[in-house]
Amino acid sequence: NIGKSSLAAQFENNLTMMFEATRRNLAIFQVPKAGEPDLTWSRALKYQDMICNSDDFQRISIDTVDEAYQQCFIYVCKQAGVRHPDSASKPYELWMEIKAQFKEFVLTFREAGKGVTFVSHEKVKPLITKAKGLKRDDSPENTVKCDRIEPSCSGQVLDVITQICDYVFYYHFKDARRAIMVRSPSEVAWTACGMGETF
């Protein structure tokens, strides 16, 4: 509740695709509107056609990317006649189809000249890394353990957004004030700035 959705909506000519049904009370341009059915994948595809063929909105916020992927997952599984890819006759192919459809959804906005903002919650991921300058084996004295904050979305989604995001910010509270972390000291959070020394 720090205000991720409201912050993302401050981009000029922004439309939020609100996949989180509980966030309809925000005073932002969003679909679906209050009182309309939740945003399923098939409905999101229809909205996408309208958005890409309109000049009214130049930036799309996908809120949250976690829920957007979940709707894509449900849709593709339903099309394949299964509840989960692991119960399909060819599970790997179905997993790849889900990822491909999600990636195509995102890239279609970009190809239409629309900017895309992804909103996600956070999770803490334990990391084990090799200590610099030590031998490359797995003995405890050659490893460093730490926790890193990263988006709560699945690995499939992270694969997609890691490839296409120019910036990854961590919006958090620092000393009881809102702050945006652009680069992370000591890798405490997953942040990325693909535009060189812009900041």
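What counts, and at which threshold
- Residues numbered from 1 in each chain as written.
- Predicted model: local features only at pLDDT ≥ 70, side-chain atom pairs only at ≥ 80, totals over all residues.
- Heavy atoms only, no water.
- Helix = DSSP H or I, 4+ residues; strand = E, 2+ residues; numbered from the N terminus.
- Buried < 20%, exposed > 50% of the residue type's maximum accessible area, 1.4 Å probe, protein only.
- Contact = heavy atoms within 4.5 Å.
- Areas by Shrake-Rupley, 256 points an atom, 1.4 Å probe, with all protein chains shown as cover.
- Core = buried A, V, L, I, M, F, W, Y, C linked by side-chain atoms within 4.5 Å.
- Polar contact = N/O pair within 3.5 Å; in protein donor to acceptor, adjacent residues only side chain to side chain.
- Pairing = 2+ DSSP bridges.
- Axes fitted to C-alpha atoms, helices over the stretch in contact; angles between N-to-C directions.

K.L.:
Tell me about the overall build of the protein, and please be specific about residues and values.
P.N.:
The helix and strand inventory of the protein stands at five helices and ten strands. With 199 residues in all, the protein has 41% of them scored as buried. In the protein, the share of contacts with a sequence separation of at least 24, taken over all contacts with a separation of at least 6, comes to 58%. Split by element, the accessible area of the protein, about 12300 Å² in all, is 51% carbon and sulfur.

K.L.:
Tell me about the nonpolar core, and please be specific about residues and values.
P.N.:
Counting 37 residues, the largest nonpolar core has M17, F19, I62, F102, F109 and F118 as the members making the most contacts within it. If you list the elements that add at least two residues to this core, you get β1 (14-18), α2 (41-52), β3 (59-63), α3 (65-80), α4 (91-111), β4 (115-119) and α5 (155-164). Looking at this core, the element that brings in the most residues is α3, giving seven residues. Sequence-distant contacts of F102, defined by excluding residues within four places in its chain, comprise W41, V65, A68, Y69, C72, V157 and V160.

K.L.:
Which residues make up the side chain of E20, and what are the values?
P.N.:
By the element assignment, E20 lies in the loop between β1 and β2 (30-31). A polar contact of 2.8 Å, which involves the side chain of E20, links it to the side chain of H121. Those residues within four positions of E20 in sequence are excluded, and the remaining contacts are D63, T64, E67 and H121.

K.L.:
Before we move on, can you summarise the sheet that holds β2 with the specific residues and values?
P.N.:
If you trace the four strands from one edge of the open sheet to the other, you get β2-β1-β3-β4, paired in parallel fashion. The sheet is open, and its two borders are formed by β2 and β4, each paired with just one other strand. Bridging between β1 and β2 involves two bridges; their strand directions are parallel. Looking at β2, one finds that T16 is bridged to Q30. This element, α4, spans β1, β3 and β4 of the sheet and lies at about 145° to β4.

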